[in-house]
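Letter by letter, the chains look like this.
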Amino acid sequence: MPQPSSTTDGSSEEFPGFPGSGAALTEADADRVAADGLWASGGTVHPEAVRFGQTVLTALLTDGGPAAGALPAGLAEQVERVRGLALPAHHRIETTDGFRLSAFSLRLLAPGPHPLVVVPSGWTPFGWGLFPGLYMALALRGYHVLAYTPRGLGIPGLPTTSEGYVDVAGPHDVADGSTVVDFGIERFAPAVTGFLGESYGSGISQLVAAHDERVAAVVALSTWGNLATSLYENRTRHLAAVKALIGFTGGPVEEKFDEENRRILDDFLNDRNLDAVVRWAERRSPETYTDLTDDHGTPTFFSNTWHESLFAVNEAVDAFDRLRVPKRLNLWIGDHAAPEGAGLLGTAPGAPDPVLDEAYAWLDHHLKGERNGVEEWDEVCGQVMFTYVTEPATDPVTGRPTGARRIVEPAVRESRPTWRDVTVGHEVLGLTGEGAGGTDGRLVPAGEDAATTGWRRTFLAGVDTEATAMGEPLRTGQAEWRGNPKIYDIRKIDRRHALAWTTAPLVPADGGPAGRRVRGVPRLRLTVRSTVSAAGLIAHLFDVAEDDTARIITHEPLNAYDLTPDRDTTVTWRLQAAAYDIPAGHRLMLVVDSKDPLYGDASVTWTQTELGSPAEASSFLELPLG
């Protein structure tokens, strides 16, 4: 491994290096990491992505890395360019209560002042070690960079690990953000300071900006606005997301969280004291402090994905919609961090990257005053799901077909002045009562068919079906982003444990190619009974092709409690927002079952759930159109 550099700015400590980061990277390695993405099976960070990031950072922080051939030519050239214009350093920043945060900086050498971008890392055991592409791109655009790992995150012994207990974006994290700003102002004397965060770091960025008026602009990637509804909405616990986050800290729960936060997590996992969990989460939600952000006028850039498994898109949209500052919301195909992952790592230096290029343009406009078109942007821009053009993919090393597909033309993007302009109308579809012998009901225009009221249908609860929100959290959406959405076979959905309704083949309403242009937040009303006092309901909307294969449009769970046998309870809930063109000739399918691996449900196995549509509260699906 190259030896640590002796060049410091008087405030850094010697960089101890990353274990195993001396092994050379090839162009094929970079291509493979870009194709595979950040996430491995089981919701872990892909080890090749970790090795890539750590190898690049070792080259930045030490002499001789690129010269020793540790990096492919294009990446080595970029590292040398950055080292020629900025001084890299590794720091330990002491918090007000005596813990040391691991940090990394690039200090521009040219006379300043220059703007500073502070980057709190995402919630991973590798801290700031995953974002070298981001740091280099910012330095090349004329920014000092100061990245840090929030307290408590990291694997003992790694140079990116910070001391203390994980505060889950609590008051300590907010105070730490301001301490890092203090450090940055003292060391770099910046012209102005902004924050750019991804995932956990995006929420911390918003929270620090709300409480510290020195933050002049925010970029929040794969972000969240309301931690409470990210964890618990429609009386449903988002269990898989919380379990994944607990596993990402870099150590056991008892070593990573203090007693209070351990109690909160334990209550959540065991379905106890959820009101207290919600209050705890609301205090950690940027949405709670939008009035402070508005008072400061902090320009805020959001990026999120339609099929988010960690921070569902509606909560981010709701928080964004409340802000009254200059703002931008980009919505992408896929799941958490999939759109920005390769750019954060820096697998293709200099290549166009609309996800990050627009984030950089936001900072250039609001921190450097550039008139670069940002001032003309609409507030909202969303990709339309799966409108990309793909072709068969080949392995970058062997050239053999992989069985997957790659994108050759990007998906359509649509801009709208505000979120409210995304939806221009609604179509209300009634649910009919057919279904004897496992057949499906129909979705028909509300009020046009008497069969939409007066019916009851039942299924056996507590057994999962093929109608799942995704194959695997993070990985399924990562494949979507790369051009490979999950394909469902609707014939395999067990109608003993689910109910389904479908439209007739859709005909374009406006003469265009789409049978329906779904834009916005669908809404569903159902009347439910159960043979026990609780029922879990998970609604899925599918785009069904002529051959009965399908792609998921959106979904959302709801748990109904305090039910009385033989008594109706009517429930209405929002599904997650979507932008989806259902092709002409395809059908729209609604499937309701009772379980999904993502969620904690109220279902009791082999009990009976009955759905109905009484005349006074008919069941319907309200479809947003654009």
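None of the values given here were measured: they were computed from a predicted structure. (Residues numbered from 1 in each chain as written. Predicted model: local features only at pLDDT ≥ 70, side-chain atom pairs only at ≥ 80, totals over all residues. Heavy atoms only, no water.)

Asks: Explain the packing of aromatic side chains to me, using residue names and the numbers behind them.
Replies: Per the stated rule, a full pass over the model turns up 17 aromatic pairs. For the pair Trp 362 and Trp 377, a centre-to-centre distance of 6.3 Å together with 20° between the ring planes defines the contact as stacked. Residue Trp 362 is located in helix H15 (residues 354-368), and its partner Trp 377 is located in the loop between H15 and strand E13 (380-383); the two are separated by 15 residues in the primary sequence. Classification of Trp 362 as buried rests on a relative accessible area of 3%. For Trp 377, a relative accessible area of 27% translates into the label partly exposed. The ring of Phe 320 has Lys 327 lying over it, and the distance from NZ or CZ to the ring centre is 4.6 Å. The lysine or arginine in question, Arg 328, covers the ring of Trp 377, its NZ or CZ lying 4.5 Å from the ring centre. (Phe/Tyr/Trp six-rings, centres within 6.5 Å; stacked < 30°, edge-to-face > 60°. Helix = DSSP H or I, 4+ residues; strand = E, 2+ residues; numbered from the N terminus. Buried < 20%, exposed > 50% of the residue type's maximum accessible area, 1.4 Å probe, protein only. Lys NZ or Arg CZ within 6 Å of the ring centre and 35° of its normal.)

Asks: Outline the pairing of strand E8 (residues 215-221), supporting the account with residue identities and numerical values.
Replies: When you tally the buried positions in E8, you get six out of seven residues, the bulk of the element. Bridge count for strand E7 (residues 193-198) against E8 is five bridges, and the pairing is parallel. Residue pairing in the sheet places Thr 193 in a bridge with Val 215 of E8. A crossover connection joins E7 to the parallel E8 through helix H6 (residues 200-211); in handedness this β-α-β unit is right-handed. Relative to strand E11 (residues 300-305), E8 runs parallel, the two sharing four bridges. Paired with Leu 221 across the strands is Ser 303, a residue of E11. (Pairing = 2+ DSSP bridges. Right-handed = clockwise from strand over helix to strand, strands pointing away.)

Asks: I'd like to hear about unusual backbone geometry, residue by residue, with values.
Replies: The residue after Gly 112, namely Pro 113, is reached through a cis peptide bond having omega 10°. Here Pro 113 lies in the loop between strand E4 (100-108) and strand E5 (116-120). Here Asn 234, not a glycine, exhibits a phi torsion of approximately 55°, which is positive. Considering the arrangement of structural elements, one finds Asn 234 in the loop between strand E9 (232-233) and strand E10 (236-237). The phi torsion at Ala 337 lies on the positive side, around 70°, for a residue other than glycine. Counting through the fold element by element, Ala 337 comes out in the loop between strand E12 (327-332) and helix H14 (341-345). Residue classification places Ala 337 among the buried positions, given a relative accessible area of 2%.

Asks: Any chance you could break down the sheet that holds strand E6 (residues 144-148) for me, citing the residues and the numbers?
Replies: Overall, mixed pairing links the ten strands, which are arranged E3-E4-E6-E5-E7-E8-E11-E12-E13-E16 in an open sheet. Edge positions in the sheet fall to strand E3 (86-94) and strand E16 (413-416), since each has one partner strand and no second. Averaged over neighbouring strand pairs, the angle between their axes works out to 15° when direction is ignored. Summarising the sheet, E12 and E13 pair through three bridges and their orientation is parallel. What sits directly across from Leu 331, in E13, is Gly 382. The strands touched by helix H5 (residues 171-188) within the sheet are E3, E4, E5, E6 and E7, with E6 carrying the most contacts at an inclination of about 145°. (Axes fitted to C-alpha atoms, helices over the stretch in contact; angles between N-to-C directions. Contact = heavy atoms within 4.5 Å.)

Asks: Break down the environment of Gly 334 for me, citing the residues and quoting the values.
Replies: Residue position: Gly 334 is located in the loop between E12 and H14. Residue Gly 334 is classed as buried on the basis of its relative accessible area of 1%. Considered as a pair, Gly 334 and Trp 306 are 28 residues apart in the sequence and their alpha carbons are 6.3 Å apart. When residues no more than four places from it in sequence are discounted, the contact partners of Gly 334 are Thr 305, Trp 306, His 307, Glu 308, Gly 477, Glu 480 and Trp 481.

Asks: Explain the side chain of Arg 529 residue by residue, including any values.
Replies: Within the secondary structure layout, Arg 529 lies in strand E23 (residues 523-530). One polar contact links Arg 529 to Asp 568, side chain to side chain, over a distance of 2.6 Å. Filtering out sequence-adjacent residues up to four positions away, Arg 529 remains in contact with Arg 456, Asp 566, Arg 567, Asp 568, Gln 608, Thr 609 and Glu 610. (Polar contact = N/O pair within 3.5 Å; in protein donor to acceptor, adjacent residues only side chain to side chain.)

Asks: Residue-level account of the environment of Pro 339, with values.
Replies: Its location among the elements puts Pro 339 in the loop between E12 and H14. In this structure Pro 339 comes out as buried when scored by relative accessible area, which is 5%. In this structure the C-alpha to C-alpha distance between Pro 339 and Ala 49, which are 290 residues apart in sequence, comes to 15 Å.

Asks: So what about helix H1 (residues 27-36)? Which residues, and what values?
Replies: What H1 keeps buried is the set Asp 29, Ala 30, Val 33 and Ala 34. Along the axis of H1, the buried residues cluster in a sector spanning 135°; they form a single face. On its buried face, H1 sits against helix H2 (47-61) and H14. Gly 37 sits one or two residues past H1 and shows a positive phi near 80°. (Arc of directions from axis to C-beta.)

Asks: Describe the pattern of salt bridges, naming the residues involved and giving the relevant values.
Replies: For the coordinates displayed, the defined rule picks out 40 salt bridges. A salt bridge links Arg 214 to Asp 212; its shortest N-O distance comes to 2.8 Å. Overall, Arg 214 belongs to the partly exposed group, its relative accessible area being 33%. Between Asp 548 and Arg 587 there is a salt bridge whose closest N-O contact spans 2.6 Å. Taken together, the residues Asp 548 in the loop between strand E24 (535-544) and strand E25 (549-560) and Arg 587 in strand E28 (residues 587-593) connect sequence positions 39 residues apart. (Salt bridge = Lys/Arg side-chain N within 4 Å of Asp/Glu carboxyl O.)

Asks: Please set out the nonpolar core residue by residue, giving values where relevant.
Replies: As a rule of thumb, soluble globular proteins bury nonpolar side chains together. Counting residues in hydrophobic clusters, the biggest one holds 167 residues, and the most contacted among them are Tyr 135, Trp 419, Leu 588 and Leu 611. Contacts of Trp 419, omitting those with residues within four sequence positions, involve Trp 306, Val 317, Asp 321, Leu 329, Leu 331, Val 380, Gly 520, Val 521 and Ala 577. Ala 467, Phe 542, Ala 550 and Met 589 belong to the second-largest nonpolar core, a separate cluster that totals twelve residues. (Core = buried A, V, L, I, M, F, W, Y, C linked by side-chain atoms within 4.5 Å.)

Asks: Which residues make up the packing of helix H3 (residues 73-85) against helix H4 (residues 132-140), and what values go with them?
Replies: Viewed as axis vectors pointing N to C, H3 and H4 meet at an angle of 50°, and their least axial separation amounts to 10 Å. Relative to H4, the element H3 is oriented oblique. In terms of crossing hand, the pair formed by H3 and H4 is left-handed. Packed against H3, whose contacting residues are Leu 75, Gln 78, Val 79, Arg 81, Val 82 and Leu 85, the element H4 presents Met 136, Ala 139 and Leu 140 at the interface. Across the contact of H3 with H4, the residue classes break down as seven nonpolar, one polar and one charged. (Parallel < 35°, antiparallel > 145°, perpendicular 65-115°, else oblique. Left-handed = near helix turned anticlockwise from the far one by under 90°. Nonpolar A, V, L, I, M, F, W, Y, C, P; charged D, E, K, R; others polar.)

Asks: Lay out the packing of H5 against H6 in plain terms, naming residues and giving numbers.
Replies: Running from N to C, H5 and H6 cross one another at 75°; their axes reach a closest spacing of 9 Å. The orientation of H5 relative to H6 falls into the category roughly perpendicular. Counted together, Asp 173, Val 174, Gly 177 and Ser 178 of H5 and Tyr 200, Ile 204, Leu 207, Val 208 and His 211 of H6 form the full contact between these two elements. Per-class residue counts for the contact of H5 with H6 are five nonpolar, three polar and one charged.

Asks: Any details on the pairing of E13? Residues and values, ideally.
Replies: The side-chain alternation of E13 yields two buried faces, one formed by Val 380 and Gly 382 and the other by Cys 381 and Gln 383. Across four bridges, the pairing between E13 and E16 is antiparallel. Looking at the pairing, Cys 381 lines up with Ser 415 of E16.

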